Amino acid sequence: MEYFLPLIFGFFVGSVPTTYLLIKWRKKLDIRNEGTGNVGMMNVYEVTNSRALGFVVLGIDLLKAAAAVVLAGLIFGDEFWLMAVAGIGATLGHNYSPWIGFKGGRGLATTLGVSLVLGWVISAVWIIGFVVAYALRRNIHIGNIATSIAMPAILAAIPDDIMRALVSGVEPRDIVWLSIWMALLILFGHFKIISQFFSSSAEDR
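It should be emphasised that the depicted structure is a prediction, and the values quoted were computed from it without experimental measurement. (Residues numbered from 1 in each chain as written. Predicted model: local features only at pLDDT ≥ 70, side-chain atom pairs only at ≥ 80, totals over all residues. Heavy atoms only, no water.)

Observations regarding the environment of Gly73
Working step 1: Inspection of the secondary structure puts Gly73 in helix α4 (residues 51–76).
Working step 2: Among the residues examined, Gly73 registers a relative accessible area of 12% and is labelled buried.
Working step 3: Once the C-alpha coordinates of Gly73 and Ala86 are considered, the two residues, 13 residues apart in sequence, prove to be 8.8 Å apart.
Working step 4: Contact partners of Gly73, with chain neighbours within four places excluded, come to Asp78 and Met83. (Helix = DSSP H or I, 4+ residues; strand = E, 2+ residues; numbered from the N terminus. Buried < 20%, exposed > 50% of the residue type's maximum accessible area, 1.4 Å probe, protein only. Contact = heavy atoms within 4.5 Å.)

Shown next as structure tokens:
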């Protein structure tokens, strides 16, 4: 019960369909029925051809998740996992919002918002890893997936003394476990893409 209320609170905050409402207002479009149907930055950019609108969506989603974590800390206490569970809930709410038919984004911006509040090094490792992965394959989705898989292992390899110096007041193991949860949420958000990748690979054999 201690973690249930922060989880539900985070889910409620994250489930507010900010991107859907913004695109409905600005472009008179139901983003769920356009492009990939994803309610996130990349689909917004591809559908509207507006880089500015895409970055606005990124910023709003990031701030929404960060706000859920900060508010949970004020309401339920600033213990790391009480806030982290609220962040996990916010990402789940964003990805599967009940207000728009349990559709949503893929969790990239929201996990970034969560980690910026609780452990910025997670975001730093993910961004650096994505830049490297994208440079090698020139595929955004492969970059997202590969980086999310590698991220916890990279963080676990950082010596505890260095990790404590980078993120004061947080145990290194908590950073690693949070990164595992973040990675799982991102991978679940890319489930259809991963399934398509394996299906096409099987057909090529």
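Regarding the environment of Ile128
Working step 1: Within the element layout of this structure, Ile128 appears in helix α7 (residues 120–137).
Working step 2: For Ile128, a relative accessible area of 56% translates into the label exposed.
Working step 3: C-alpha of Ile128 to C-alpha of Met151: the two residues are 23 residues apart in sequence and 9.9 Å apart in space.

Comments concerning the packing of helix α1 (residues 4–15) against α4
Working step 1: The N-to-C vectors of α1 and α4 enclose an angle of 145 degrees; their axes lie 9 Å apart at closest approach. In this structure, the crossing between α1 and α4 has a hand that is right-handed. Contact residues: α1 offers Leu5, Pro6, Phe9, Gly10, Val13 and Gly14, while α4 offers Lys64, Ala68, Leu71, Ala72, Ile75 and Phe76.
Working step 2: Of the residues belonging to the contact of α1 with α4, the class tally is nine nonpolar, two polar and one charged. (Axes fitted to C-alpha atoms, helices over the stretch in contact; angles between N-to-C directions. Left-handed = near helix turned anticlockwise from the far one by under 90°. Nonpolar A, V, L, I, M, F, W, Y, C, P; charged D, E, K, R; others polar.)

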